[in-house]
Amino acid sequence: MNSGSTESNPRGAGLGGEVAAPGGTAVAEEDAAPATNGDPGPEKARSLAGDAWRDLRRNPVFLISSGIVLVLIVMAAFPSLFTNADPRYCNLQFSRQAPGDGSLLGYDLQGCDIYARTVYGARASILVGVFATVVVCVVGSLIGMFAGFYGRWVDALLSRFTDIFFAIPLLLGAIIVLATFPSGQGTAEWVTIAKVVLALGVLGWTSVTRIMRSTVIQVKQADYVQAARALGGGTRRILMRHVLPNAMAPVIVYATITLGVFIGVEATLSFLGIGLQPPVISWGIAINSAQDYVRQSPHMLLIPSAFLSVTVLAFIMLGDAVRDAFDPKLR
Amino acid sequence: MATTEPSAAPRPPDAGAAPLLEVDDLHVEFRTRDGVAKAVNGVSYTLSEGETLAVLGESGSGKSVTAQAIMGILDTPPGYVTGGAVRFRGQDLLQLPEEERRAYRGRSVAMIFQDALSSLNPVFPVGWQIAEMFRVHEGLSKKDARARTVDLMDQVRIPAARERVNDYPHQFSGGMRQRIMIAMSIALDPDVLIADEPTTALDVTVQAQIMNLLADLQRERNMGMILITHDLGVVADVADTIEVMYSGRIMEQASVHDIYGAPAHPYTEGLLRSIPRVDLKGQELSAIKGLPPNLSRIPEGCEFRPRCPYAQQICHDTRPPLLEIAPGRFSACHFAQEVLEGDFDNAEQ
Amino acid sequence: MTSTTPSSDAVLDVQNLVKHFPLTTGIVFKRHVGSVQAVDGVSFELRKGETLGVVGESGCGKSTLAKLLMRLEEPTSGRVMYNGENIYDLRGKALREMRRKIQIVFQDPYSSLNPRMTVGDIVGEPYEIHPEAAPKGQRRAKVQELLDIVGLNPEHINRYPHQFSGGQRQRIGIARGLALRPDVIICDEPVSALDVSVQAQVVNLLESLQDEFGLSYIFIAHDLSVVRHISDRVAVMYLGRVAEIGSDAQIYEKPTHPYTQALLSAVPVPDPSVRGQRQQILLSGDVPSPASPPSGCRFRTRCWKATDLCAEQTPELVVRPGSDHESACHYADVREDVVVHH
């Protein structure tokens, strides 16, 4: 609805009041009421976010992906809701037993319950994903905002700085960082997770910076920013009231996609043996320990991989749906 | 009687021959997330050789959508032609399969757009883009196509065409780019040229050049031209016949002199009155109150009723059809005769 | 340089305003390779309660001029005197005071309103930036009053811009510009983006507000008939300079600058009965780039009167013999027979 209201679009919602003479407003009001498809309450204010939410609620991709994400979050927070088995209780006697009697999804090499370990593994994976995304978005947005808003030498400096980090591949950089500061069996669980988060955060922010910088450059040229400057509004007001709220949408969308990617990278690092380390329970570790027995006991690999794939897919689909809902060009 | 210009050919004398282009009861709708917008609701008009037909309307009136439907370049989805016919010399283009229809595009009916910059491919020289028309459609050799291209660029009065043929679109000014677009559209010698707001993005002095060019080309080639615009000045300068569109329907159809002399629809009247005039300086402009309707919620009865100063109960109850009120004049207003004769001005309620 | 002594009722006195944008190449080590001479020596004054129309084609510098007058850009040189002070020298409190008194209405009703703020927040923002203008408790009422003044329903205060049409959004922008009771409003193409039937509504609104609040307008537009309707005086700009300035009647009926004459003759007249009877001056070619403007008179490359003198000497904006208003042409002359009957 935000589009330039060209011929090919239905007219944007008009709401009466255009009528100069007060008389006859009643008719015009009724006829020009907004086209909100049965959405009641013409007096209710609708923000862009509100519009996006209305679309999302009707989008099956969003409903499915957000449903999966919700289940995963509950799983990460309260794994005991999903299983009674203790993931740390292992009995070698059950080693590599296929799904069937006694266990829903079989046992791994150590004879631990795979279903329980997978459920408990969600926490580490999602923690890494969420925290890495938060770090990346905060750091990246700040740098991008300043570069875009101030321009000139600030931009030149920050952009070149970003380029340097951008040139290092995420996985390679993370491997180097984690290989330099290895975690062992004795390292506390949260320290291990923090290391992985930082390894991803140190190199992952560059894309957010670039996205933020370009949207800020675009937004700061908008007439409403000029209007605020013309009114004498200070830099802080302009940044917080006008620039940031209008530049956040692409970053939020990128964040949801990136969250899925980070979970995948965490699994890769753990698979390579340098990410999360036992005794932490994670999908990556489970996949790693399954690699030697793919032929004999494929279930050891397939089950954590399936969870990983579905999770990554759910976040990426969620990101896609959110992006479409916020895209003013599709309105 | 329609025109004083010798250029305009009369309508074909033998009524049996199919007209050059005939739009018949065309319906187009857009199915969007916010509902169905009825963009075109039963538009009919006829275009003859050498005639300039102006389609006048505001944004959302359906004037460009009609043209897109004629060209077969409607974005589907969300746009769908839901009824009617577009006949080129009697052949209904809407019934043709896509491959056959493509043969008509450019060769029989060509179109130029408002925004020449985005209509040209920025990574190829303009000469190459024009020459491609000849190579693809007429199978000319590279050398012949190039010669024709230079010739064509001369015809649209691009100075030093031979030297500029290898330049890229961004090296040309807005007016020159529009000339290149015109060159491409007439390359295959079409019978009908649709010009969709061809000068809206241009400055006044350049607009005059382009309109003159179009008029000359039309005269030389005896093309029928559909000029889509919202500019009442441009229409008065070049049109033979005018279709006034509002809310996806034709409100009034007549020769240019009839309409400017005495409009027969309150909307046309309102548009003409809202033009600032020298003798009324210092007075309030006479504006049409209100807004064009939302196409998803077109009012019952007459579409223009909510904004019409003369609206009566019947306008609420019945949608007025487009009827012939005088020879060659059509109006979709219950009170066309009264508007035409200015009765309302004397006896306003 | 040619500015006449400012009359006592001048609100704004623009003196030889220049804005050149540097053109650079390279990313890290920037090299200066020239400049775009967007505004190059513009002088005029705006009197109290009057509307000064500024017309010209794209690239003539009228939008840059608007930004300079708002002090959204700093000039390369020149002054704009407001209340006896150069607005580019103002700092701190005095600058804030000036910002209250000079306001702007933008062309594009879609990009001039923050889509994430309600109408109430947008129109009320001036009061947040200048809290002294309205006590906190009264702001909502003031905003509603403003909405009423510009012809919008005051109850729509909680709606968002995208719920309004183009014409209504332009009214919201006008309400924001009006909030601090300014002396001057710069209207930068305020009706160009609107439909014909809505344009007239907004023009009427601007005129009635001018009467009600004693505003002075600088009305920038390319639509010559709208400018004529609303303006008391008109300045014609070409490539960063004023070509001709005078009352609306002087400019429209007795133009002396060839560019003004060509511009006026090119405007299509909404009257088919004069078709073929108007003598149009068809200018050849396009406006040269402001990055490399012609020497001397900037219009000479498209002018049918141009001589060697025009290339050598820049014509000053002065009242020429046989005319009653200023024109920047060596051969300024009233052109007879604007309408030739064949």
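Quick caveat: nothing in here was measured; it's all calculated off a predicted structure.

Procedures and definitions
Residues numbered from 1 in each chain as written. Chains lettered and ligands numbered in written order. Predicted model: local features only at pLDDT ≥ 70, side-chain atom pairs only at ≥ 80, totals over all residues. Helix = DSSP H or I, 4+ residues; strand = E, 2+ residues; numbered from the N terminus. Rg over C-alpha atoms; globule rule 2.2 N^0.38 Å. Buried ≥ 20, exposed ≤ 12 C-beta atoms within 10 Å, placed from the backbone. Contact = placed C-beta atoms within 7 Å. Pairing = 2+ DSSP bridges. Axes fitted to C-alpha atoms, helices over the stretch in contact; angles between N-to-C directions. Nonpolar A, V, L, I, M, F, W, Y, C, P; charged D, E, K, R; others polar. UniProt positions renumbered as here; feature names shortened; annotations may be inferred. pLDDT = per-residue confidence, 0-100.

## What to know about the overall build of chain C
Piece 1. A tally of helices and strands in chain C yields ten helices and twelve strands.
Piece 2. Its C-alpha atoms give chain C a radius of gyration of 21 Å, within 12% of the compact-globule value 20 Å for 342 residues.
Piece 3. Projected onto the principal axes, the alpha-carbon positions of chain C cover approximately 65 × 60 × 45 Å.
Piece 4. Taking all 342 residues of chain C together, 51% fall into the buried category.

## Let's talk about the overall build of chain B
Piece 1. Helix and strand counts for chain B come out as 14 helices and twelve strands.
Piece 2. Against the 2.2 N^0.38 benchmark of 20 Å for 349 residues, chain B shows a C-alpha radius of gyration of 21 Å, consistent with a compact globule.
Piece 3. The dimensions of chain B, computed from C-alpha atoms along their principal axes, are 70 × 50 × 45 Å.
Piece 4. Counting only residues that meet the buried cut, chain B has 52% of its 349 residues in that class.
Piece 5. Long-range contacts, defined here as pairs at least 24 residues apart, represent 65% of the contacts in chain B between residues at least 6 apart.

## Things to note about the sheet that holds strand β10 (residues 249–255) of chain B
Residues and elements named next belong to chain B.
Piece 1. Spatially, the eight strands line up as an open sheet ordered β6-β7-β8-β3-β9-β10-β12-β11, and their pairing is mixed. Of all the strands in the sheet, the pair left with one neighbour each is β6 (109–112) and β11 (323–326). On average, each strand axis in the sheet is tilted by 25° relative to the strand beside it, whichever way the strands run.
Piece 2. As paired elements, strand β7 (residues 192–196) and strand β8 (residues 224–229) share five bridges and run parallel to each other. Bridge pairing in β8 places Ala195 opposite Leu227.
Piece 3. Running over the sheet, helix α1 (residues 63–71) touches β3 (52–56), β6, β7, β8 and β9 (241–246) and is turned about 145° from β7.

## Let's talk about helix α8 (residues 223–230) of chain A
Piece 1. Counting buried positions along α8 of chain A yields eight of eight residues, so the element is predominantly enclosed.
Piece 2. All of the buried residues along α8 of chain A are Asp223, Tyr224, Val225, Gln226, Ala227, Ala228, Arg229 and Ala230 of chain A.
Piece 3. Those residues of α8 of chain A hidden inside the fold are in contact with α7 (189–220) and α9 (235–271) of chain A together with α2 (92–101), β6 (102–105), α3 (119–129) and α5 (166–178) of chain C.
Piece 4. Just past α8 of chain A, the residue Gly232 of chain A takes up positive phi, approximately 95°.

## Looking at the interface of chain B and chain C
Piece 1. Each side of the interface is counted separately: chain B has 38 residues, and chain C has 32 residues.
Piece 2. Elements with a minimum of two residues in the side of chain B that touches chain C: α7 (174–186), α8 (204–221), α9 (232–238), α10 (256–261) and α11 (266–273) of chain B.
Piece 3. Examining the composition of the side of chain B that touches chain C, we find that seven residues originate from one element, α8 of chain B, more than from any other.
Piece 4. Considering only residue class, the side of chain B that touches chain C consists of 17 nonpolar, 14 polar and seven charged.

## Overview of the pairing of strand β4 (residues 77–82) of chain C
Residues and elements named next belong to chain C.
Piece 1. Strand direction decides the pairing type here: strand β1 (residues 10–25) and β4, joined by five bridges, are antiparallel. Counterpart to Leu12 in the pairing with β4 is Tyr82.
Piece 2. Relative to strand β5 (residues 85–86), β4 is paired through two bridges, and the arrangement is antiparallel. Looking at β5, one finds that Met81 is bridged to Asn86.
Piece 3. Hairpin remark: β4 followed by β5, antiparallel, with two residues in the connecting loop; positive phi at Asn83, about 55°.

## Re the UniProt feature "domain: ABC transporter" (unreviewed entry) in chain B
Piece 1. Here, the residues flagged by UniProt with the feature "domain: ABC transporter" (unreviewed entry) are residues 21–272 of chain B.
Piece 2. Annotated as residues 21–272 of chain B, this span is 40% helix and 28% strand, and its ends, taken at the C-alpha atoms, are 28 Å apart.

## Let's talk about the sheet that holds strand β1 (residues 21–32) of chain B
All names here are of chain B.
Piece 1. If you trace the four strands from one edge of the open sheet to the other, you get β2-β1-β4-β5, paired in antiparallel fashion. Each edge of the sheet is formed by a strand with only one pairing partner; in this case those strands are β2 (35–47) and β5 (91–92).
Piece 2. The sheet contacts of α1 involve β1, β2 and β4 (79–88), and relative to β1 the element is tilted by about 110°.

## Points about unusual backbone geometry
Piece 1. Located in the positive-phi region is Asp25 of chain B, a residue other than glycine, with phi close to 50°.
Piece 2. Position of Asp25 of chain B among the secondary structure elements: in strand β1.
Piece 3. For Glu189 of chain C, which is not glycine, the phi torsion reads 50° and is therefore positive.
Piece 4. By the secondary structure assignment, Glu189 of chain C is in the loop between β7 (184–188) and α6 (196–213).
Piece 5. According to the C-beta neighbour criterion, Glu189 of chain C is buried, with 20 such atoms within 10 Å.

## What to know about the confidence of the model for chain C
Residue and element names in this part refer to chain C.
Piece 1. Per-residue confidence for chain C averages 86 on the pLDDT scale, and 94% of its residues sit at or above 70.
Piece 2. Within the model, the stretch residues 1–6 combines pLDDT values under 50 with nine contacts to residues more than four positions away or in other chains.
Piece 3. Segment residues 337–342 is flagged for pLDDT under 50; beyond a separation of four residues in sequence, or across chains, it makes nine contacts in the model.
Piece 4. With pTM at 0.78, the complex prediction returns an ipTM value of 0.81.

## Overview of the environment of Arg241 of chain A
Piece 1. Inspection of the secondary structure assignment puts Arg241 of chain A in helix α9.
Piece 2. Between the C-alpha atoms of Arg241 of chain A and Ile126 of chain A, which are 115 residues apart in sequence, the distance is 32 Å.

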